[in-house]
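Coordinates in review
Here is how the chains run, residue by residue.
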Amino acid sequence: MAAINVQKMLKKQGCLKCHAISHQKDGPSIKKLAAKYRDDLEATVKLRTHLTSSPEIGVEGKVEKHKQFEPKSTTDLDAVIRWIRSH
Ligand code: HEC
């Protein structure tokens, strides 16, 4: 199986404009997200919902719809979620 390059995928979709690995940008850092969901048994479901349903978020005091992840497959989506949680 070919390894999925998650960071490349996130960069291409513009996610890294708002998320960095270890520091806060407009969005929380990947490490912070990993910590937030570390002990949450429903983490996968919640993250999947977040990434596929464009929930409303606050960016610089304005309400925006969160960017939807556009996976070529659910395998890509699951790889992103595993990658986030591994930090
Ligand atoms: C315009 C800036 C912006 C972009 C682009 C963006 N995000 Fe976010 N993201 C945010 C903000 C702000 C939050 C915090 C939302 C909140 O907690 O209300 C967030 C939250 C998240 C969360 C955590 C949700 C949770 O349940 O706590 C994940 C995972 C996430 N983003 C992944 C991504 C991915 C993957 C992409 C690319 C497809 C992306 N983001 C693109 C700003 C952005």
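A look at helix H4 (residues 74-85)
The end-to-end C-alpha distance of H4 is 16 Å, a good match for the 16 Å that 12 residues give at a rise of 1.5 Å each. Taken as a whole, H4 has its buried residues at Asp76, Leu77, Ala79, Val80, Ile81, Trp83 and Ile84. Among the structural elements, helix H1 (6-12), helix H2 (30-37) and helix H3 (43-52) are those in contact with the buried residues of H4.

Things to note about H3
Those residues of H3 not exposed but buried are Ala43, Leu47 and Leu51. Looking straight down H3, one finds that the buried residues subtend no more than 55° of arc, so they occupy a single side. Tucked inside the fold, the buried residues of H3 contact H2 and H4. Looking at the residues trailing H3, positive phi occurs at serine 54, about 45°.

Here's the deal with the pattern of salt bridges
The full count for this structure, using the stated rule, is two salt bridges. Between arginine 48 and aspartate 78 there is a salt bridge, with the nearest N and O atoms lying 3.2 Å from each other. Separated by 30 residues along the polypeptide, arginine 48 in helix H3 and aspartate 78 in helix H4 bring together distant segments of the chain. With a relative accessible area of 35%, arginine 48 lands in the partly exposed category. For aspartate 78, a relative accessible area of 24% puts it in the partly exposed group.

Digging into the side chain of aspartate 76
Within the fold, aspartate 76 resides in helix H4. Judged by its relative accessible area of 10%, aspartate 76 falls in the buried class. Among all residues touching aspartate 76, those that are not within four sequence positions of it are Ile4, Met9, Phe69 and Pro71.

Things to note about the coordination of the iron atom of the ligand
The protein atoms that coordinate the iron atom of the ligand are His19 (NE2) and His66 (NE2), at distances spanning 1.9 Å. Taken together, the six donor atoms coordinating the iron atom of the ligand and their angles of 88 to 180° define a geometry best described as octahedral. A residue pair is termed long-range when its members are at least 10 positions apart, and histidine 19 in the loop between H1 and H2 and histidine 66 in the loop between strand S2 (62-65) and H4 qualify at 47 residues. Just as histidine 19 is buried, histidine 66 falls in that class too.

What counts as what
- Residues numbered from 1 in each chain as written.
- Predicted model: local features only at pLDDT ≥ 70, side-chain atom pairs only at ≥ 80, totals over all residues.
- Heavy atoms only, no water.
- Helix = DSSP H or I, 4+ residues; strand = E, 2+ residues; numbered from the N terminus.
- Expected span 1.5 Å × (residues − 1).
- Buried < 20%, exposed > 50% of the residue type's maximum accessible area, 1.4 Å probe, protein only.
- Contact = heavy atoms within 4.5 Å.
- Arc of directions from axis to C-beta.
- Salt bridge = Lys/Arg side-chain N within 4 Å of Asp/Glu carboxyl O.
- Donors = N, O, S within 2.8 Å, 3.2 Å for Na, K, Ca; no water.
- Tetrahedral: all angles 85-135°; square planar, octahedral: opposite > 155°, others 65-115°.

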